[in-house]
Amino acid sequence: MPKIKPPRKNPVIDMTAMCDVSFLLLTFFILTAKFKPTEVVAVDLPSSRSSKLVENVCMITINKDGRAFLSLKETTTRYAMLDQMTEKYGEKYPELKALTPQQKNFFALIETWGTPIKDIQRVLSMDGTEFKNYQAKQMQGIPYDSLHSELGDWVQASRYATEGDIKIGIKGDKDVSVQDVKQVINRLTEKDIHRFLLITTLTGPNHSDEEGGNTGTEGETKTQ
Amino acid sequence: MADIESSGGGGHGKHDGGPRSKKMSTRVDLTPMVDLAFLLITFFMLTTTLNKPKAMELNMPKKVDNKDEQQDVGDCQVLNILLDTLDQVWYYDGLQVTGLQKTTFAGDGGIRKVILKKIKTVPEECPLTKKGKKRDAIVLIKMLEGARYKNMVDILDEMDITGCKIYAIQDADPLEKEAIANGGSAKPIEEKVSQ
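Residue numbers here run from 1 along each chain, matching the order of that chain's written sequence. To read the labels, note that chains go from A and ligands from 1, taken in the order they are written. Reporting in this predicted model follows two pLDDT cut-offs: at least 70 for local features of residues, and 80 or more for side-chain atom pairs to be given and counted; totals over whole chains, interfaces and linings ignore these cut-offs and use all residues.

**Q** Report on the sheet that holds strand 3 (residues 89-93) of chain B, specifying residues and quantitative values.
**A** All names here are of chain B. Criterion used throughout: strands pair if DSSP finds at least two bridges between them. Strands are runs of DSSP state E lasting at least 2 residues, helices are runs of H or I lasting at least 4, and numbering of each runs from the N terminus. One open sheet accounts for five strands, arranged 4-3-2-5-6; its pairing is mixed. Strands with a single pairing partner mark the edges of an open sheet, and in this sheet they are strand 4 (101-103) and strand 6 (166-171). The mean angle between the axes of side-by-side strands here comes to 25°, regardless of whether they run parallel or antiparallel. Direction of pairing for strand 2 (residues 78-83) relative to strand 5 (residues 138-143): parallel, over a ladder of six bridges. The partner of isoleucine 81 across the bridge, within strand 5, is isoleucine 141. The sheet strands contacting helix 3 (residues 149-162) are strand 2, strand 5 and strand 6, and the helix crosses strand 2 at an angle near 155°. Geometry is summarised by axes, namely lines fitted to C-alpha atoms with helices restricted to the contacting stretch, and by angles between N-to-C directions that run from 0 to 180 degrees. Our contact criterion uses C-beta atoms placed from the backbone: two residues qualify when those atoms are within 7 Å.

The structure is reproduced here in structure tokens:
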């Protein structure tokens, strides 16, 4: 008589299907992940509590020295912006009219732009490595002082290029002087742009690097 | 199923009693592989979503020339906040530059408390507007030249946290700069009346 063996149950589960699924997902996430664009201008962002996501933005980067740079994500937008700029402000900046189609194409490839218009010819006729070198070391920013504000014109042109469907982001270094940021904002309000997105990183509400202290003052003055 | 060692595979069945040939199972345990895959998935998921920059909205006012559209500002509803170059926050009530107090951005005892208090007291204590409405606190944010941008973001963040609805960013006027310069020594500033 053969003994009746209770069937031994193996608790091990087949992992193959699980493995398939997880690798499928992994592939998906790897493929959809975008590389962080190489930052031409290094900026240390301030932190805030707000959590609004940024999309479709004409970004004005202000670095530590108060130089301003303009970045647009899409190549086509950049091309359109240059076209609009030439069209609207061609009289003001004759250098723009003299650009060759080749130079315009080169402009469209540059994500972060930070050159005064008087240098645009020279910069756009550089070759790849020369330009990279220039971008890393010598880019002096777009002028935005009240006398010759090119920044306002550029931003205006980017708005024309997208038919107003673009937000204006300001990405300031946390150590930059408020004065510079204010100047930029003033130039844009002159162009009837009143809404801005201040780009920040997300952190908790505590500001640990401040020290407490409470000193009263007895300034007594009157103002109008 | 997915383990390497199939427990005594030849133990029962046909090969009973025969020479125990080693039958290597071709099955591989995939559990660590799955672990790894999920770990990587988690990593990619988190990095793709957390990398996006966040933004804070700032609406600057349009220039209003029409007197009727301009809001009348009562002396008692105003709180002035000044940011200086040393990351300090100064504040005073009302439209007269007087009695500046120094504080910080610290979470609990800092400027937040001051703003919250102001928001609470203004509708109760201030006289009604000409149209008979209750007044709300108005915060005037003034930044000295050379103040860091970080502080501007911080104070705007405080506006968001405290829920202060009316605030304006302005330039500090000379009297206020003078008051801050003298603030540490608590020397009373001579009374000045412009016009």
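**Q** Lay out the environment of proline 32 of chain B with the relevant residues and their values.
**A** With respect to the element layout, proline 32 of chain B can be found in helix 1 (residues 31-50). Separated by 133 residues in the primary sequence, proline 32 of chain B and lysine 165 of chain B have C-alpha atoms spaced 54 Å apart.

**Q** A description of the nonpolar core should follow, citing residues and the corresponding values.
**A** With 68 residues, the main nonpolar core has Ile170, Val181 and Val184 of chain A together with Met152 of chain B as its most contacted residues. Those residues in contact with isoleucine 170 of chain A, other than ones at most four positions away along the chain, are Ile60, Ile62, Val181, Val184, Phe196, Leu197, Leu198 and Ile199 of chain A. Structurally, a nonpolar core is described as a collection of buried Ala, Val, Leu, Ile, Met, Phe, Trp, Tyr and Cys residues joined by way of C-beta atoms within 7 Å. Exposure classes come from backbone-placed C-beta atoms, where a residue is buried if 20 or more other C-beta atoms lie within 10 Å of its own, exposed if 12 or fewer do, and partly exposed in between. In this structure, Met15 and Cys19 of chain A together with Ala37 and Ile41 of chain B belong to the second largest nonpolar core, which totals six residues.

**Q** So what's going on with the packing of helix 2 (residues 75-89) of chain A against helix 4 (residues 101-109) of chain A? Which residues, and what values?
**A** All names here are of chain A. At a closest axis distance of 8 Å, the pairing of helix 2 and helix 4 adopts a crossing angle of 130°. Taken together, the axis directions place helix 2 and helix 4 in an arrangement best described as oblique. As helix 2 runs across helix 4, the sense of the crossing is right-handed. In contact with Thr75, Arg78, Tyr79 and Leu82 of helix 2, helix 4 contributes Lys104, Phe107, Ala108 and Leu109. Of the residues assigned to the contact of helix 2 with helix 4, the class counts are five nonpolar, one polar and two charged. Roughly parallel means an angle under 35 degrees; roughly antiparallel, over 145; roughly perpendicular, 65 to 115; everything else is oblique. For any pair of crossing helices, the crossing counts as left-handed if the nearer helix is rotated counterclockwise from the farther one by less than a right angle, and right-handed if it is rotated clockwise. Throughout this entry, Asp, Glu, Lys and Arg are counted as charged residues, while Ala, Val, Leu, Ile, Met, Phe, Trp, Tyr, Cys and Pro are counted as nonpolar. The remaining residues, Gly among them, count as polar.

**Q** Describe the environment of alanine 168 of chain B, listing the residues and the values that go with them.
**A** Residue and element names in this part refer to chain B. As for its placement among the helices and strands, alanine 168 is situated in strand 6. A C-alpha to C-alpha distance of 5.9 Å links alanine 168 and isoleucine 141, two positions 27 residues apart in sequence. Residue contacts for alanine 168: discarding those within four places in its chain leaves Leu140 and Ile141.

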